[in-house]
Amino acid sequence: MEEYQLEIENRIKNLIWTVCGDYELEAKPDVEGFLRSKYIALYDGIKQGAFAKYFDKEELSMYLIKKLFIHGDEGSLMYLTQMCIQEAVENRIAKERSGVAAIRQKACRDILEFNFDQMVKSPLGQLKIAVLKEKVEGSYMVSKEIRKKMDMLYQLRDVTMTREIVEHVDYLYNLWIEPDYEQLYGTLEQVLAVTMEELTEYSWKDFLSEDMYEDALEAYLEKVGNDMTNSQAADADEDEKEDSGDSKRKKVTVIDEEMLKKVYSYVELNFGKTYLSPLEEKRMNFQLCKGLHSDCGLYFTDGILQNPVTRNYQYEYARKQKDKNKYAYYDHHRIVKQNINILTEILKKAIVMRNDVSDILSDRGSLIPSKLWKAGRTSDAKLFQKEDKSDDQDFVVDVLIDASGSQRPRQEKVVLQAYIIMQALSNARIPHRTMSFCTFWDHTIMQRYREYDDDKAANERIFEFTTSSNNRDGLAIRAAASSLMERGEEKKILILLSDGRPYDVILNRPNARNPQPYQGAYAIKDTGFEVRRLRNAGVSVLGVFAGEEKDLEAEKKIFGKDFAYIRDIANFSKIVGRYLKKQLEDNG
Amino acid sequence: MNELKFLIDQDVDAGMIEAVKEFRNRYAVDEEVDYRVVKPMMPFYGREILEMAIAGILQGENLLLTGAKATGKNVLAENLAYIFHRPSYNISFHVNTNSGDLIGTDTFVNNEVQLRKGSIYQCAQYGGFGILDEVNMAKNDAVSVLHATLDYRRSIDVPGYDKIDLHDAARFIGTMNYGYAGTKELNEALVSRFLVIDMPKQTEDTLGRIFEQMFPNGKREAMKQFIGLFMDLQLKAENGEISTKAIDLRGMLAAIKTVRCGLSPAAAISMGIINKCFDGFEKEIVNDVVMTRIPENWTRSDIFITC
């Protein structure tokens, strides 16, 4: 349900952006409204966009705030403003976009249907009914008094300046709602004369929920800005002021947003900037963080050394670890080299066997002399040989490494294993990608070391490998698989280097997202499920187990038969090679 | 000359138009390939781009047209061939395009082995304009052929036969689009053999001309909505909210054509634009945009003056 709501939110936002043409515009779509009536919400979106396009949203909300500051009645003022805005933008936008009129028709009909009971109770509501009816039916018989009011509203159709709207709203408010307002509190000029200082000092407590803090004014300004184009919220308010007030105010959840941003920037500080655009990131999260992993986020990065925010402690630590990894490589230089050579050899042999390019007889290509007797004797003109490279020879490999804290003791070893695989694959010209994963707060961090088609030189970056935090294997596998599945190669292989201990348990943090704990049999089951799902989709998954013997059982549960237990690094390439070779040959 | 009228209409430099005329007179088209001189579906609009392209070709250079989807790369290429009155050869690159397809391979005709000429060979021989479609999809084997063909040597060595020199009027126009799946960066050596024109995206003005040309009896108001729709989607894709699947000028023109024979505009657009998005969610966003532009109850008579 939550995902669905996010999608709707994005959908309405897009509509608002389409209409106003400004993709920077901050918009708050009314998702709950959408669930009640699609057309009302969509039409509200259109109005919101149109208003931002033709008028100055800030100016109007500023006026509203000031009016409220000087004892204006929030409910009626918003209601009135909303009606005025509707008149001011509606014809203009309908002229620009031919489809708008039809949507308006449906929206008005829905509003009349859903909100009639509430509207009929107040004089303003009755006016609104009349206006809507007239929009739906073309003309509508009303009493003289209401007709007069309607005509006054319709004057707004010709306005072009925000200031004119402000004047209209103020005039109508003073005329219809509080006839003695001007005498009691002052004219429009006096309202507008309220300074920012006065507004900032005011607590706005009555208008906001308790959890709001310093920049309350700003938050309220935003809320007013959003509410003024929202036809449903205003209706609901009018009637059920007490309780709807509450629920509506909860919508302003500034603190949550702030916290999320803080977590995000903390992740950035720790792991470097992401290489995805915000939209791609959003999309990834939509698609992958579901079910068990809802409330989690994915964060794709090239690592802190590649893309640091600042040179902080983490940066220095990563640098030191890189040196340590390098030293480990220098220490085991010979063994590693040898392993690379063995694995390369195994892969190359397997590929040569497969790469027997099949030749087919053709009517063009290179001539086969032994077939020449056919010339002139038969109509079969297939005297030539043509190479037929079939596409299904292609392989792609994804190497996924567990970078959680539990791997820390054998960090260097893991690096070397990954390095051997990467170098050998590069030597055999098999496109492969290497990523590591760990879970930090609610974000699962996918650190990329090389892309599929990168040059061999990129393999060096694996030395930037560091470990920290938890691991949510299931989600990481899912994330890696999503891009692996998009590759064109027929045969896909995922190699997972892990210690067989999916573990992500975090303490309950106030104001942050709290994914479900992920550990023990439950987590193993989920990881195993992801592995099997991939195998069903035709991806060969190989687990390379680098953990301790006591976790072997879990590893077996996750990977079934296809996993390799590496006791001694010297044998590493033989074991992995045997498996890869099998995969290469199987598909011949 | 009729072919050049749209250049004059667009205020293309008069000196250049003269030079084009001279080029046309200098190089006659071989009768055998006369059928390859084709009038493009629509003229290309955009004076600056035309001038750049014409100047490049007059100086004997090859062109590489880069740009996003629906910027008119192929339309420009076809137009150039037509302006210069040369036969055009469309060569699409894909993973299996090899040198044999481009230069030629042996084949057997009338009881003897002969060279089956490839498209580049023919283009070189008759002085055609070779349109190298999606040249960045070319594999190394094919690229090596292009290298010699495109640079100052202007010659092709056909293994087992002879070296042939390019006809003086032969030119190659590559098109490429970054961002499609499977496309890769062009290698530098190849790029250096081209003059590169970065195609600008469509503007309301250019679209207006295209629509006017394609649908002379279209109602202005309706055409404005279609153009607005395209611009909306283009802007949306630029902001990364949707993919480029829905930015499909060909699809939109085709959809409007189907309206001509009586289909409702809303249905036509859903065929030509909306259904091109396979992601359900993206489809809804596109549908919303369409909804604000094209009312469901529009009919043919809302779009065309007479049918």
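This one's a predicted model, so the numbers in the text were calculated from it and none came from an experiment.

**Regarding the overall build of chain B**
Each helix and strand in chain B was counted, giving 14 helices and nine strands. Sorting the 307 residues of chain B into buried and exposed places 41% on the buried side.

**Let's talk about unusual backbone geometry**
Of note, the phi angle at His71 of chain A is positive, near 65°, even though the residue is not glycine. Relative to the elements of secondary structure, His71 of chain A occurs in the loop between α4 (57-69) and α5 (74-96). According to the C-beta neighbour criterion, His71 of chain A is exposed, with 11 such atoms within 10 Å. The residue Asp11 of chain B is not glycine, and still its phi comes out positive at about 65°. Structurally, the position occupied by Asp11 of chain B is in the loop between α1 (5-9) and α2 (14-26).

**Section: the sheet that holds strand β8 (residues 491-498) of chain A**
Backbone-to-backbone hydrogen bonds pair the strands of a sheet. The strands run either parallel or antiparallel. All names here are of chain A. Strand order in the open sheet formed by seven strands is β1-β7-β6-β5-β8-β9-β10, and the pairing between neighbours is mixed. One side of each edge strand has no neighbouring strand; the edge strands of this open sheet are β1 (297-301) and β10 (563-565). With direction set aside, neighbouring strand axes in the sheet form an average angle of 20°. Inspection of the sheet shows β8 paired to strand β9 (residues 539-545) by seven bridges, in the parallel sense. The residue bridging Lys492 from the neighbouring strand is Val539, located in β9.

**Structural notes on the interface of chain B and chain A**
Each partner contributes to the interface: chain B provides 29 residues, whereas chain A provides 31 residues. Secondary-structure elements contributing two or more residues to the side of chain B that touches chain A are β3 (104-109), β4 (112-117), α10 (220-238) and α13 (280-293) of chain B. In terms of residue count, α13 of chain B provides more of the side of chain B that touches chain A than any other element does, eight residues in total. Its residues assigned to classes, the side of chain B that touches chain A shows 10 nonpolar, 10 polar and nine charged.

**Digging into the confidence of the model for chain B**
Residue and element names in this part refer to chain B. Per-residue pLDDT for chain B has a mean of 86; in total, 96% of the residues score no lower than 70. Mean pLDDT in chain B bottoms out at β3, which sits at 79, and peaks at helix α3 (residues 47-58), which reaches 94. Among the prediction metrics, the complex's ipTM stands at 0.75, with pTM recorded as 0.63.

**Some words on the sheet that holds strand β1 (residues 63-66) of chain B**
All names here are of chain B. Read across the open sheet, the five strands follow the order β2-β5-β8-β1-β9; overall the sheet is parallel. Each having just a single partner strand, β2 (88-92) and β9 (195-198) make up the two edges of the open sheet. Direction aside, neighbouring strands of the sheet carry axes that sit 20° apart on average. One ladder, built from four bridges, connects β1 with β9; its direction is parallel. Its bridge partner being in β9, Leu65 is matched across the sheet by Ile197. Seen against the sheet, α3 touches β1, β8 (171-176) and β9 and runs at an angle of roughly 170° to β9.

Rules behind the numbers
- Residue numbers here run from 1 along each chain, matching the order of that chain's written sequence.
- Chains carry letters from A onward and ligands carry numbers from 1 onward, assigned in written order.
- Side-chain atom pairs in this predicted model are given and counted only at pLDDT of 80 or more, local residue features only at pLDDT of at least 70, and totals for whole chains, interfaces and linings cover all residues.
- Helix and strand assignments follow DSSP, with helices taken as H or I runs no shorter than four residues and strands as E runs no shorter than two, numbered in order from the N terminus.
- Remark: C-beta atoms are placed from the backbone, and a residue is labelled buried if 20 or more other C-beta atoms sit within 10 Å of its own, exposed if 12 or fewer do, or partly exposed between those counts.
- Strands are treated as partners if at least two bridges between them are detected by DSSP.
- An axis is simply a line fitted to the C-alpha atoms; with a helix, the fit covers only the stretch in contact. Between two such axes, the angle follows the N-to-C directions and lies from 0 to 180 degrees.
- By the convention adopted here, residues are in contact when the distance between their C-beta atoms, placed from the backbone, does not exceed 7 Å.
- Think of it as three bins: nonpolar holds Ala, Val, Leu, Ile, Met, Phe, Trp, Tyr, Cys and Pro, charged holds Asp, Glu, Lys and Arg, and polar takes everything else, Gly as well.
- Along the chain, pLDDT gives the predictor's confidence residue by residue, from 0 to 100.

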